[in-house]
Amino acid sequence: MDVGVGKGAAGADGPGGARVDDPAQTTCGAPTPSPDTDAAAVSAAHPDAGSSAAADVYPPAGADADRDASGEGRSADPGDPGEDSAAGCREGSGDGSGDGFAQVRAVADAICYEGYLLYPYRRSSPKNRVRWQFGVLAPRAWAEVHGSGQPGVSGAAESWYQQTHCLCDAAPDAVLRVRVRYLQAQYKSVQRRTGADGAWEPVEALDVDGELHLSFEEAVPREADIEVPVADLLAGQRSYPVGAPGGTDTARLAIRTGPAARTERRRLPVRARTTLRAERLGGPAGPLRLTVRTENTDSSVPASAPREEALRSALLATHTLLGGDGLEFHSLIDPPARARPHAADCRNEFTFPVLAGDERARPVLFSSPILLDDHPRIAPESPGDLHDAAEIDEILSLRTFLLTDEEKREARATDPRAAAILDQIESMPEEVLAGLHGAIRSLEPAAVPAAPAAPAVPAAAPPGPVPWWQEGGDEGVSPTTDSVLVDGVPVRSGHRVRLRPRRRGADAHDMFLVDRTAHVAGVFHDVDGSMHLAVTLDDDPAAELHDWYGRYHYFRPDEVRPLADGHREVRPPTGSPPGGEAG
């Protein structure tokens, strides 16, 4: 899954010594098998294909590509060169090791393709008819009418821009590297030759010698690299083009009998720019605040256009990687003391930056349209990307096994990535599938073998509580009668509390429950010896129903405050320890 980036020729210098890579020449990840080629051969050559980002799909040199009257097999629209048109591709090793982004590529690719296709991976599935849910930067005129007017840190709402604010310390000669990544919509049209004039007729589906081909909305991964000295950004903001050209690619389908057939892949140009800015906070020794703002600059799509038309000129699943030399980024979730006063002033809109990569260092920041914690990573047991990163691989794999042959045929014809997922699951070794189920490594230390000389004598049960995993270990635990001290007040089932979830480590949804009052349903013990309060919200009209079938919100004792009958918080006795930090 952790694959490299194809690079081209050396890049040209932009303004202020910045270097910009041409997004038309850089793509994310391993080549995607064309649906018009042998998927098994491509899968063997590229084992990660379909589980990472894809390359542009062009007919190979010498292929039987369909040609127009001028002999050309494909055409491209250069798009909008933007502010800094002098751009080229930086030479590199191809694995991203030179910029430090290779270590976060697996997570970045998972975000890039989250929701690209959902189980059962068929075009006919209703959930695959409304796609592109995260990080959509649509043309401004359309987004201002149909998008969200309330910017937040989540990129689930469509907008025409993303803004990242982050804090860092920088050496005098520090160099910032920014990589803007997104998907460009590409419509694959299946066509057949009709009539005496040899015209091409688009069709929704075509069976070619027993192989099904479907028209479908695909996507081409794009990325643009920007490199600029931080000193230049302190002197003034810089803007760079990060769009991608449009184009049309055609390829003949191999056919033994019947009329000629082909696929046509068409892309509209994506016009976008990224603006960088740096400012010093809190005096000469204070941290820097970096601003990365990516905007869709297309003006050709009217506000009245349908969503599918606007998406053809949009940046999809947009996210940004920040790294460089001489930089140390700070967490906005848990900032150090010197950066904490400035973290509250950072305004991240439709994206949120988290530390990424090696936890022992802070050289890379990942600004994601999906809320993440610092240092996100892919579970080592995950064999590949199923495009449902929030789901469970085992469930999706087992369900995919149950697809009928006809359903699998449609999924393979829908998209080459769907075909790669099916190949991955159908060839999954039994031990890999078993590993997805989870395993208990150890619950107690391994027993030491007894000395052979002495006869075995039953050992007396050790004093103290019985471990929870042994018989009788949960005796004496009663959620409805147990109590726990909260600010020196015993709290049990039936009591009322005010919710004060902590900022650090709390579930994001808990932040919406700050200062709400709740009814305690029980006190529960977990396997680590911690205690949690199960509560239902006082103002939830379904609270009685939730209590009936045992659906609760759970909070630690230091995340609540006891309430007296008059809805007043109970004051802790003098000398009692303080509770948790209020949200």
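Computed from a predicted structure; not experimentally measured.

**Student:** Would you mind going over the pairing of strand β6 (residues 211–214) with me for this structure?
**Tutor:** Remember that side chains alternate between the two faces of the sheet whenever the strand is regular. Note that strand β5 (residues 205–208) and β6 share four bridges and pair antiparallel. Counterpart to A205 in the pairing with β6 is L214.

**Student:** Explain a nonpolar patch on the surface to me, please; I cannot follow it from the model alone.
**Tutor:** A contiguous nonpolar patch, built from L398, F401 and L402 and spanning about 300 Å² of accessible area, is present on the exposed surface. Here L402 is to be found in the loop between α7 (393–401) and α8 (405–414). With relative accessibility at 70%, the residue L402 sits in the exposed group.

**Student:** Mind showing me how you'd approach the packing of α7 against helix α9 (residues 416–426) here?
**Tutor:** For any two helices packed against each other, the geometry is given by the interaxial angle and the distance between the axes. In contact at an axis separation of 10 Å, α7 and α9 are set at 95° when each is read in the N-to-C sense. Relative to α9, the element α7 lies roughly perpendicular. Each of S397, T400 and F401 in α7 lies in contact with α9, whose residues at this interface are L422, I425 and E426. When the residues that make up the contact of α7 with α9 are grouped by side-chain class, the tally is three nonpolar, two polar and one charged.

**Student:** How do you make sense of the environment of M511 when you look at a structure like this?
**Tutor:** As for its placement among the helices and strands, M511 is situated in the loop between β18 (496–499) and β19 (517–525). Considering only alpha carbons, one finds M511 and R500, 11 residues apart in sequence, at a separation of 8.7 Å.

**Student:** Looking at this model, I keep getting lost on helix α2 (residues 105–112). Mind explaining?
**Tutor:** Given 3.6 residues per turn, any residue in an α-helix points the same way as the ones three and four places further on. Within α2, eight of the eight residues are buried, which leaves it mostly tucked inside the rest of the structure. Those residues of α2 lying buried are R105, A106, V107, A108, D109, A110, I111 and C112. Contacts from the buried residues of α2 go to β3 (161–194), β7 (216–229), β13 (316–330) and β15 (364–368).

**Student:** How do you make sense of the pattern of salt bridges when you look at a structure like this?
**Tutor:** A full pass over the atoms with the stated rule returns 34 salt bridges. Residue D225 pairs with R179 through a salt bridge whose shortest N-O separation is 2.6 Å. Residue D225 is found in strand β7, and its partner R179 is found in strand β3; the two are separated by 46 residues along the sequence. Three or more residues joined by partner-sharing salt bridges are found here, namely R105, D109, R179, R181, E223 and D225.

About the cut-offs
Residues numbered from 1 in each chain as written. Predicted model: local features only at pLDDT ≥ 70, side-chain atom pairs only at ≥ 80, totals over all residues. Heavy atoms only, no water. Pairing = 2+ DSSP bridges. Helix = DSSP H or I, 4+ residues; strand = E, 2+ residues; numbered from the N terminus. Patch = residues over 30% accessible without salt bridge, like charges linked within 9 Å, V, L, I, M, F, W, Y side chains within 5 Å. Areas by Shrake-Rupley, 256 points an atom, 1.4 Å probe, with all protein chains shown as cover. Salt bridge = Lys/Arg side-chain N within 4 Å of Asp/Glu carboxyl O. Buried < 20%, exposed > 50% of the residue type's maximum accessible area, 1.4 Å probe, protein only. Axes fitted to C-alpha atoms, helices over the stretch in contact; angles between N-to-C directions. Parallel < 35°, antiparallel > 145°, perpendicular 65-115°, else oblique. Contact = heavy atoms within 4.5 Å. Nonpolar A, V, L, I, M, F, W, Y, C, P; charged D, E, K, R; others polar.

Keep in mind these values describe shape, not function.
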